[in-house]
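This is what each chain is made of:
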Amino acid sequence: MTTRTDPAAPAGPAHPAALRLFDYACALSFGATAALAAWWLVPDGTPGALAMPLGMVVGVVAATPVLFLLNWILGGFEVLMLAMQIGMLAGMAAPMIRGGTPGSVALAGAGVGLVVQLLLHALDRSLHGDVGGRAP
Amino acid sequence: MSGAAGTRDAAIRKWNRAARALDTKDRGEELRYGPYKRWIFSKARGRTLLVAAGTGIDFKYLPPGLEVTAIDFSPTMLSFAEKRLGESASPVELVQADVTALDFADGSFDSCITSCTFCSVPDPVRGLGEVRRVLKDDAPLLMFEHVRASNPWLGFMMDVMNPLVRRFGPDINRRTADNVRTAGFRIVREFNVYLDMVKLFEAVKA
């Protein structure tokens, strides 16, 4: 059994807070982009059972160029996971918004991004470190 | 051409094409994961096999005092890596080789390093078996790898996205810990870097 405060544990990046802030900015960008794309491109009146998967695909596709840009700036698996999750979820939810404006849809998408990043951040904090199997 | 050879040749072509992009896009990954790589690589000793040298982006994390043989099956990757030889604190010899068919004698290395390697080897268990063969009995296998997340939702997402991602890059849903054990290693330390999808492994022969 190992502990998560093992003194021999590796040091992390030099500026973790800056990276984490970047991840949050990525999450907001992915959410706003995916939601706007799905809201614009999925026709009004499309039945929900079709609009949601369609929006999901549109959301992922729309998030991909943003992913390439942000990944080039300061990428990592953190950014990849965000793009996949948020593209799907924000894209899926956006066609359900009736009577919104581009601003409100972008805000809603960014909100989805923020929630996803908060959840991933919490999960990462719970998992980071040794996971056992270490020799005595 | 056999199926395995065809798969390997397709993989070589894919990574030849990806070399230039990989050489430029890794700035963020180096900031995020560089310290972890430096830490795991510091455990290497003596004659060391670096599997999948790629563009040599990890040479700067190699500690002094090693005698490194860095292999990659992509000649384009190696041409990029050649320009980075000076970044290593230890001498590095570049060899074009496929980890699933190594041309080294049994028990000829004191340690082995991998860095995002077994996400891209077409037959990872066979590759790890070859690594096991060329390592001495007490030699450590030191790995920085990304793997399939154990969280059911995240794992499912990775399974869904993998067919698309693997067309341009690595597989993102490899169960590398299982593959390491299947190949005859015992994992003595496993460390989660990001979620449980970016990991460090230390393993020895079982």
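This section reports on the structure supplied with the text. None of these values were measured; they are calculated from a predicted model. (Residues numbered from 1 in each chain as written. Chains lettered and ligands numbered in written order. Predicted model: local features only at pLDDT ≥ 70, side-chain atom pairs only at ≥ 80, totals over all residues. Heavy atoms only, no water.)

### Regarding the overall build of chain A
And then number 1: Tallying secondary structure elements over chain A gives four helices and one strand in all.
And then number 2: For chain A, whose C-alpha radius of gyration is 18 Å, the value lies well above the compact-globule estimate of 14 Å for 136 residues.
And then number 3: Across its three principal axes, chain A shows a C-alpha extent of roughly 65 × 30 × 20 Å.
And then number 4: The contacts of chain A with a sequence gap of at least 6 include a subset with a gap of at least 24, amounting to 85%.
And then number 5: About 6700 Å² of surface is accessible on chain A, with carbon and sulfur atoms providing 75% of the total.
And then number 6: The positive charge centre, built from 5 side chains, and the negative charge centre, built from 6, are 5 Å apart in chain A. (Helix = DSSP H or I, 4+ residues; strand = E, 2+ residues; numbered from the N terminus. Rg over C-alpha atoms; globule rule 2.2 N^0.38 Å. Contact = heavy atoms within 4.5 Å. Areas by Shrake-Rupley, 256 points an atom, 1.4 Å probe, with all protein chains shown as cover. Lys, Arg positive; Asp, Glu negative; His and termini not counted. Charge placed at Lys NZ, Arg CZ, Asp CG, Glu CD.)

### Let's talk about the nonpolar core
And then number 1: Counting 66 residues, the largest nonpolar core has Phe30(A) and Met197(B) as the members making the most contacts within it.
And then number 2: The biggest single contributor to this core is helix α1 (residues 16–41) of chain A, with twelve residues.
And then number 3: Look past the residues within four positions of Phe30(A) in its chain and what remains in contact with it is Ala63(A), Val66(A), Leu67(A), Leu70(A), Val79(A), Leu82(A), Ala83(A) and Ile86(A). (Core = buried A, V, L, I, M, F, W, Y, C linked by side-chain atoms within 4.5 Å. Buried < 20%, exposed > 50% of the residue type's maximum accessible area, 1.4 Å probe, protein only.)

### A few points about unusual backbone geometry
Residues and elements named next belong to chain B.
And then number 1: Phi at alanine 52 takes a positive value of approximately 65°, unusual for a residue other than glycine.
And then number 2: With a relative accessible area of 25%, alanine 52 lands in the partly exposed category.
And then number 3: In the Ramachandran plot, cysteine 116 falls in the positive-phi region, its phi being about 50° despite a non-glycine side chain.
And then number 4: On the secondary structure map, cysteine 116 appears in the loop between β4 (111–115) and α4 (124–134).

### Observations regarding the packing of helix α3 (residues 77–93) of chain A against helix α5 (residues 152–168) of chain B
And then number 1: Remark: α3(A) packs on α5(B), axes separated minimally by 11 Å, with the N-to-C direction vectors making an angle of 95°. By the angle between their axes, α3(A) is roughly perpendicular relative to α5(B). Along the contact surface, α3(A) presents Met81(A), Met84(A), Gln85(A) and Met88(A), while α5(B) presents Trp153(B), Leu154(B), Met157(B), Met158(B) and Met161(B).
And then number 2: Its residues assigned to classes, the contact of α3(A) with α5(B) comprises eight nonpolar, one polar and no charged. (Axes fitted to C-alpha atoms, helices over the stretch in contact; angles between N-to-C directions. Parallel < 35°, antiparallel > 145°, perpendicular 65-115°, else oblique. Nonpolar A, V, L, I, M, F, W, Y, C, P; charged D, E, K, R; others polar.)

### Quick word on the pairing of strand β3 (residues 92–96) of chain B
Successive residues of a regular strand alternate their side chains across the two faces of the sheet.
All names here are of chain B.
And then number 1: Across five bridges, strand β2 (residues 67–72) lies against β3 in parallel orientation. Considered in β3, the bridge of valine 68 is made with valine 92.
And then number 2: Where the polypeptide runs from β2 across helix α3 (residues 75–82) and back to β3, its parallel neighbour, the crossover connection is right-handed. (Pairing = 2+ DSSP bridges. Right-handed = clockwise from strand over helix to strand, strands pointing away.)

### Digging into the interface of chain B and chain A
And then number 1: Between chain B and chain A, the residue contacts involve 33 residues of the former and 36 residues of the latter.
And then number 2: Ranking the residues of chain B by area buried against chain A places Arg32(B), Arg189(B) and Tyr194(B) at the top, with a combined share of 22%.
And then number 3: Linking chain B with chain A are three salt bridges, by the criterion used here.
And then number 4: Note that Asp130(A) is salt-bridged to Arg189(B), the shortest N-O span being 2.6 Å.
And then number 5: Counting across the chain B and chain A interface gives 14 residue pairs in polar contact (both at pLDDT 80 or more).
And then number 6: Broken down by secondary-structure element, the contributors of at least two residues to the side of chain B that touches chain A are α1 (3–25), α2 (27–41), α5, β6 (185–194) and β7 (198–205) of chain B.
And then number 7: Per-element tally for the side of chain B that touches chain A: the top contributor is α2(B), with nine residues.
And then number 8: Considered class by class, the residues forming the side of chain B that touches chain A number 20 nonpolar, five polar and eight charged.
And then number 9: Relative to β6(B), strand β1 (residues 129–130) of chain A runs antiparallel, the two sharing two bridges. Paired with Gly129(A) across the bridge in β6(B) is Asn192(B). (Buried area = accessible area lost by both parts, 1.4 Å probe. Salt bridge = Lys/Arg side-chain N within 4 Å of Asp/Glu carboxyl O. Polar contact = N/O pair within 3.5 Å; in protein donor to acceptor, adjacent residues only side chain to side chain.)

### Structural notes on the sheet that holds strand β5 (residues 141–146) of chain B
The strands that make up a sheet are held in pairs by hydrogen bonds between backbone atoms, and each pair lies either parallel or antiparallel.
And then number 1: What the eight strands build is an open sheet, ordered β1(A)-β6(B)-β7(B)-β5(B)-β4(B)-β1(B)-β2(B)-β3(B); its pairing is mixed. The two strands at the open ends of the sheet, each matched to only one other strand, are β1 of chain A together with β3 of chain B.
And then number 2: Here strand β1 (residues 47–51) of chain B pairs with β2(B) via five bridges, running parallel. From the neighbouring strand, Thr48(B) faces β2(B), where its bridge partner is Val68(B).

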